[in-house]
2 protein chains.
Amino acid sequence: MTVYNFCAGPAMLPADVMTKARNEFLNFQDLGVSVMEISHRSSPYIALAEEAEQNLRDLMGIPDDYAVLFMHGGARGQFSAVPLNLLGEGKALYLNSGQWSDAAGVEAAKYGTVETRDLRRSAGDLDLGDLGDTRGYRYVHYCPNETVNGTALFDLPQVDSPLVADMSSCILGREVEVSKFGLIYAGAQKNAGPAGLALVIVRRDLLGQADPKTPAILDYALADKTDSMYNTPPTYPWYLAGEVFKWVKTQGGVAAVAENNRAKADRLYQFIDDSPFYRNEVAAHCRSEMNVTFQLQDTALDARFLREAEAAGLMALEGHRMVGGMRASLYNAMPMAGVEALIAFMSRFEQEHV
Amino acid sequence: MTVYNFCAGPAMLPADVMTKARNEFLNFQDLGVSVMEISHRSSPYIALAEEAEQNLRDLMGIPDDYAVLFMHGGARGQFSAVPLNLLGEGKALYLNSGQWSDAAGVEAAKYGTVETRDLRRSAGDLDLGDLGDTRGYRYVHYCPNETVNGTALFDLPQVDSPLVADMSSCILGREVEVSKFGLIYAGAQKNAGPAGLALVIVRRDLLGQADPKTPAILDYALADKTDSMYNTPPTYPWYLAGEVFKWVKTQGGVAAVAENNRAKADRLYQFIDDSPFYRNEVAAHCRSEMNVTFQLQDTALDARFLREAEAAGLMALEGHRMVGGMRASLYNAMPMAGVEALIAFMSRFEQEHV
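Conventions used here
Here the residue numbering is sequential within each chain, running from 1 through the sequence in written order. Labels follow written order: the first chain is A, the first ligand is 1, and so on. Local features are withheld for residues below a pLDDT of 70 in this predicted model, meaning they are given only at 70 or higher, and side-chain atom pairs are given and counted only at 80 or more; totals for whole chains, interfaces and linings count all residues. Note that water and hydrogens are dropped before the side-chain values are worked out from all heavy atoms of the structure. Where helices and strands are cited, they refer to DSSP runs of H or I of at least four residues and of E of at least two residues respectively, numbered from the N terminus. The buried label applies to any residue whose accessible area, calculated with a 1.4 Å probe on protein chains only, is under 20% of its type's maximum; exposed applies above 50%, and partly exposed to all values in between. Contact definition: two residues touch when any of their heavy atoms are within 4.5 Å. What sets the superposition is a least-squares fit of C-alpha atoms, and only residues with pLDDT of at least 70 in both copies go into it. In what follows, salt bridge is the name for a side-chain nitrogen of Lys or Arg lying within 4 Å of a carboxyl oxygen of Asp or Glu. Under this definition, polar contacts are N or O atom pairs within 3.5 Å; protein pairs additionally need one hydrogen-donor-capable and one acceptor-capable atom, and for neighbouring residues in sequence, both atoms have to be side-chain atoms. The residue classification treats Ala, Val, Leu, Ile, Met, Phe, Trp, Tyr, Cys and Pro as nonpolar and Asp, Glu, Lys and Arg as charged. All others, Gly included, are polar. UniProt positions are given in the numbering used here, feature names are shortened, and annotations may be inferred rather than shown by experiment.

J.: What exactly am I supposed to notice about the side chain of A:Glu24 here?
T.: All names here are of chain A. Looking at the secondary structure, you find Glu 24 in the loop between helix H1 (15-23) and helix H2 (43-60). By relative accessible area, which is 17% here, Glu 24 ends up buried. Discounting residues that sit within four places of it in the chain, Glu 24 has contacts with Tyr 239 and Glu 243.

Written out as C-alpha cells, the structure is:
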C-alpha cells in the first residue's frame, strides 16, 4: 500500500531523496562509510556543504551580500537568535498572525523591547492593514505561513526597517524576493530536510552587533565567519537538506514547485468548498497552500475519519492539538497523487456517513 | 576492502546499528515512512524517545533525581547552557586540561565570573593536584577526555560543589558514578550517535534558576518539563542514539565496553612504545583510551603515512589541525580488528621506511 504522509512536521521528504539517501547510507561517495561518519572538516563534507549552499543560493536567488547559514536548534533557536543578534538596545515589531509568530514575539521579549501588532480579524482571517511608520524598529518580524490554523500571508508587509521572516513552513514552497528581507530563517523539517537544522539567510550589514551574551551556537557573525562550522554542525540533516535542494532543482526550481503546490491546495480547497460534509473556515485570501485545515460538520466522526484514513494509507491528518479538526500538510514533497488519494477517501467517507 | 574509520568525530557508529538503520530507513515499524518523517508527538516516536532515555538510565545507572535531556546544539551549545542555567550571580571554577575545557571556560566567562585552574604540567601531562576549598563555586567544570592531545583524567576531581563534566568523547566509554556529578553533558557524535544532538544528565535540584535571558532551546528546566520536546528535537539523531544505547546493552553494558576500550588502547600504546619509529608523548597516567595520538619520528613521512593508510582502508588518522601528527580515535564502535589492522599497517610502514 502506498502511504501518503500529511504530517505538518517533521514532514515527508521527497521519495527520490529518501531512496538515494538509503542507497548510499552505508557508503557515501565510495568512502566505505556513511556521510554521518565523516568529519565536517574533511574535503568530501566541505564540498557537500558548499554545494548545498550554492544550490540554495541558486534556487532562491540569494544576493551575494547575504550570508547563508546552516545552524543548530531549529526555528525555536532562531526565535532567540534573531533578537540576540539584531535587537540591541532598540525595539522590534512582531506581527502576530497565529501561534508561531506569537511564540516568536514572546521569546524575543526576553531580550528587549518588543511591540506586537495583531493581524487577525479572526483565527482564519488575516489583514496586514496599514502598518504606518515602522522606521523606529530594528526589525519587523512576521511569519508568512502559520501551520496551526492553515493561514498564510501572500503579500509582503510594507515596512521601513529590515523585514525578518520565519519561513519554516513555506521556504522553497513559494517564490520570494530575498532582497526585500533583512533576514529569513526556517527550521528544515517541513520543506527542506529533517529536524535539527535551521537555515538562515541574512543581509551581512545587519551582523556584528550581537548581544555579548549571545551563545556561540546562535551567533550569526561567528557562523558566517566559520562557514557554519564553528562547532560540529548537524551533518546528516545538512546533507539531506542538500539533497532536497538538488531535488527542487530537478523539479524545475521554486517557481515550478510553487505552481504545483498551488494546484494541490486549490484542488483540495475546491473539494472541501463543494462538500456540505467538510468545511474550511479560513478566508480565501489567506488560505495556506502548505497546510490545509478542515473540519467535519459532525465532529463526532473525527476519530473514525482519522482511523479509516490511516487504514487507507493516509497518515497524520489530525489537526494541531491546540485547534483540533483535520490538517493535510501539502509541502513540496507531497505529490498530486497524494492529494487525489485524500480526496477520493474523503469523498468515500462522506458517502458512507451522510 | 574493510574500511576502519578513526575519525575523532563525527565518528563511526556501530556497524550493527548502521545496518539496522539502513534496513528500516524507508519504513520504520511498518509505518511505510521513515522515522525522520513522523511527528515527534506521535506515539511511535514518543515510545522510541522514552525507550532511549530508559536505556541510557539503565546503562549509566542514572538516579531518579536526575533529568535526562536530549537537546539541540551539540556540546558547544552546552558550553553556553551550563553557565546560563547554573551560574547565576555566583562564580564557577573551570579546570583546564586542554582545548575543550579551555573553550568551555571562555564561553562561560561571557555569562559571569569564571576562575580557571590549569591542570597541565605539559600538554601531555595532567595533574589534578589539590583543588583546595571549592565550596564557594556554583559548580566546577572539567573535561575528562581531551581529544586534541589524547589526554584523559581518570580520577574524579575532589570538589565541594557540583561537578560538571563534558563527557562528549568518553560517555558510555568508561564507567562513571553519576551521583558524584551535578551535571554531565556530551555531544553525541563520538560515542553516542550522529552530530546535532547533545545529551544532558542533570540533578534536578540544580534546575530552575536559569538566567531569564536563557534561550528556550538551552533551558534545562523547560526541557525537563517538556520531555525534551519544547520544540521539535533532532529526531533522527535521537533515534540513532537510542539504537546505539541498545547496542551497548548487547555488548554487555558500559563495563564490558570499557574493558574492550582499555584493551584496544593498551594494545596500540604498547605497539607505539615498543617502536623506535613512532612515539606518544602523553604521560602514562593520563593517556586517553579514546583518542590515541602519535607522531612519526620523521615527520617528513607524515603525508605519505596518511596517504598509504587511507589506501589500506584506514581512514581519518590525521591529528587535530592544532597539533598535527596522527590520531587514532578508538571509540566504542571501533572493533579490536580495526586496531589490529592499524598496527599491522604501522608495522609494515615502519619496516619500509626505517
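J.: I tried to follow the environment of B:Pro237 on my own but got confused; where do I start?
T.: All names here are of chain B. By the secondary structure assignment, Pro 237 is in helix H6 (residues 235-250). Taking the C-alpha atoms as reference points, Pro 237 and Ala 192, 45 residues apart in sequence, are found 9.4 Å from one another. Here Pro 237 is in contact with Pro 194, Ala 195 and Leu 197, once residues within four sequence places are set aside.

J.: Can you walk me through the relation of the copies chain A and chain B in this structure?
T.: Note that the two copies of the chain are related through a rotation about an axis and a translation along the same axis. Superposition record for chain A on chain B: RMSD 0.0 Å, screw rotation 180°, translation along axis 0.0 Å. Those values place the two copies in the arrangement expected of a two-fold rotation axis. Mapped onto chain B, 100% of the interface residues of chain A again fall at the interface, so both copies present the same surface.

J.: What am I meant to see in the interface of chain A and chain B here?
T.: By a widely used convention, the size of an interface equals the accessible area lost when the partners come together. In this complex, chain A contributes 56 residues to the contact, which on the side of chain B involves 56 residues. At the junction of chain A with chain B, the criterion picks out zero salt bridges. Counting the contacts that link chain A with chain B gives 17 residue pairs in polar contact (both at pLDDT 80 or more). Elements represented by at least two residues in the side of chain A that touches chain B include exactly H1, helix H3 (74-86) and helix H6 (235-250) of chain A. Taken together, the residues of the side of chain A that touches chain B break down into 29 nonpolar, 18 polar and nine charged.

J.: Can you walk me through the UniProt feature "binding site: L-glutamate" (unreviewed entry) in chain A in this structure?
T.: UniProt's feature table lists "binding site: L-glutamate" (unreviewed entry) at A:Arg41, given in the numbering used throughout. Note on placement: A:Arg41 falls in the loop between H1 and H2. Judged by relative accessible area, A:Arg41 falls into the partly exposed class, the value being 34%. Beyond its immediate sequence surroundings of up to four residues, A:Arg41 is in contact with A:Ile46, A:Met229, A:Tyr230 and B:Arg321.

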